[in-house]
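Report on the structure
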Amino acid sequence: MKKIKNIIVLGLSSLLIMSSLVGCSTTNECLEQIKESQVNVGQVNIKKPKYVFLFIGDGMSHTQVNAAQVYNGTIKNKDKVELEKLGFTQFPVIGNATTQNATSFITDSAAAATSIAGGVKTQSGVIGLAADKKTKTETIAEKLKKEGYKVGIVSSVALNHATPAAFYAHTKSRGNYYDIAQQMANSDFDYFAGGALLNPKGLDKNQKDAFDILKEKGYNITDNKDEIMSLNSESGKVYAINPQIQDSSAMEYSIDTDKDSLMLNDFVKKGIDVLKNDKGFFMMVESGKIDWAGHANDAMTNISDVSELDKAVNEAVKFADKHSDETLILVTGDHETGGMSIGQATTGYDTAFDILQNQKISYVEFNELLNKYKEKTKEKDGKLEDLLPIIKENFGLITKDDKDALKKDNKNLVISDYEYKKLQDAFKETMKEKDKRKEGEVIYGNYEPLSVTLTHIINNKAGIGWTSYSHTGVPVPVYAMGASSEVFNGSYDNTDIFKKLVEVCGLK
Ligand SMILES: [Zn+2]
């Protein structure tokens, strides 16, 4: 009987498709009609998700995702060409989202997050307002909050940075950190976690402390690991800040953490504990420094944060395992950063991702080592040779005179004469005061010249290229699983992520 029913449904479905196709001319028109006819026979199974997770890898597109898979595969399956798949790339549904904003094919995070969170195109730099910089959007987080969902916003960078801000704030400029922090306090959202705040006392440090405003609004703020680990659904409104903060009020790069560090997955796990309730929750989780490592052209740091994001997603997957038909998990990026490529000019069809494991710290930590050297060394006395030991220790790169240069495993780590010349040029620039550096922007993207030259050298040797210190205009993947995930199949625009969420959550 069931079989017969299926045949009838299939028959009806093709009839509907055929009849609706009469008169369509462009591929677009026909596809639109097919989609409509499929909806008619109920092939898209919309079930309102009670628990919604939206993970955003800032600056993460296909290349960043696959670079992590190639790296993990190279390390695990030595001498074989086998990817080690991330968890989220195995989700059953995959979409592709375009990222252009209202005025450029290359977006920034503010405009991209405004599109994802609020469904409108806007200008770069604008948070939660349409392109006229006036019309307010109501974000998916605000809509769900009204519906009785609890809302969590987690980010590895400052909570008043562009991406998290776009879910609760509306302001003309992403740089209005103090204004954004005030809007955060007024959001009434239930859980903020991860990084600290930028400019909590305003640009001139003379305003009322935003942390005090948050407290007055009823937030329980803690940066104590034990307190964070004991948070639960009785904790009220919470702002949990990682005790280990690195640069720009952000959490550390995962490559720089130690075994005691709180990681992004800890904040997702805690978020579930705090937000779990009968009416459901929405949790946006941003891994914000994939983008920063992309800007700095530091592949190992980038890859390590993508892998860490996957662990955070896994917390949601474990939750979904217990609430399978009520949970929707989305993983996407807001744009690509750095123009990262797998394969580059001097390595042709080869890769050697295994050498990346010799990089022990991020460019940020290496800059700290350089600062220490500069503090005790005058510009005229500085020699690149002084730094060769820390270059070897932290990047594995060695000169041809190094005692380990002839070892078979070190073949790809020996610095060529051409590369050594580049390092010498960069070293000279690094030793100069910042305002006396030449061509810093064009060649080094205003990063510490020696650090960025070292990451370029080890990345190129591994077979990774970079074309920009900024974002690029390539689309981003959207991985989906769980309740109503099917609607995230196919190619669409980043504003459609919001529209699809509104649709599946039965919102207006
Ligand atoms: Zn960026």
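Residues numbered from 1 in each chain as written. Predicted model: local features only at pLDDT ≥ 70, side-chain atom pairs only at ≥ 80, totals over all residues. Heavy atoms only, no water.

Per an unreviewed UniProt entry, the recorded name for the protein chain is Alkaline phosphatase, and the organism is Romboutsia lituseburensis DSM 797. As its UniProt record puts it under Sequence similarities (unreviewed entry), the protein chain is described as follows: "Belongs to the alkaline phosphatase family." (UniProt positions renumbered as here; feature names shortened; annotations may be inferred.)

1. A look at the pattern of salt bridges
A complete count under the given rule lists 27 salt bridges for this structure. Residues D493 and K121 are paired through a salt bridge, measuring 3.0 Å at the closest nitrogen-oxygen approach. In this pair, D493 is assigned in strand β14 (residues 490–493) and K121 in the loop between α4 (109–118) and α5 (140–146), connecting sequence segments 372 residues apart. A relative accessible area of 22% places K121 in the partly exposed class. Residues participating in the shared-partner salt-bridge network are K392, D402, K403, D404 and K407. (Salt bridge = Lys/Arg side-chain N within 4 Å of Asp/Glu carboxyl O. Helix = DSSP H or I, 4+ residues; strand = E, 2+ residues; numbered from the N terminus. Buried < 20%, exposed > 50% of the residue type's maximum accessible area, 1.4 Å probe, protein only.)

2. Details of the UniProt feature "binding site: Mg(2+)" (unreviewed entry) in the protein chain
Mapped onto this numbering, the UniProt entry annotates "binding site: Mg(2+)" (unreviewed entry) at D58, H161, T163 and E286. The largest pairwise C-alpha distance within this set of annotated residues, which runs over 229 residues, is 11.5 Å, so the set is compact in three dimensions. Following the sequence through the fold, D58 ends up in the loop between β1 (51–57) and α3 (62–76). Owing to a relative accessible area of 3%, D58 belongs among the buried residues under this scheme. Among residues more than four places away in sequence, those in contact with D58 are S109, T163, E286, S287, G288, I290, D291, D334 and H335. Here E286 shows up in strand β7 (residues 281–287). (Contact = heavy atoms within 4.5 Å.)

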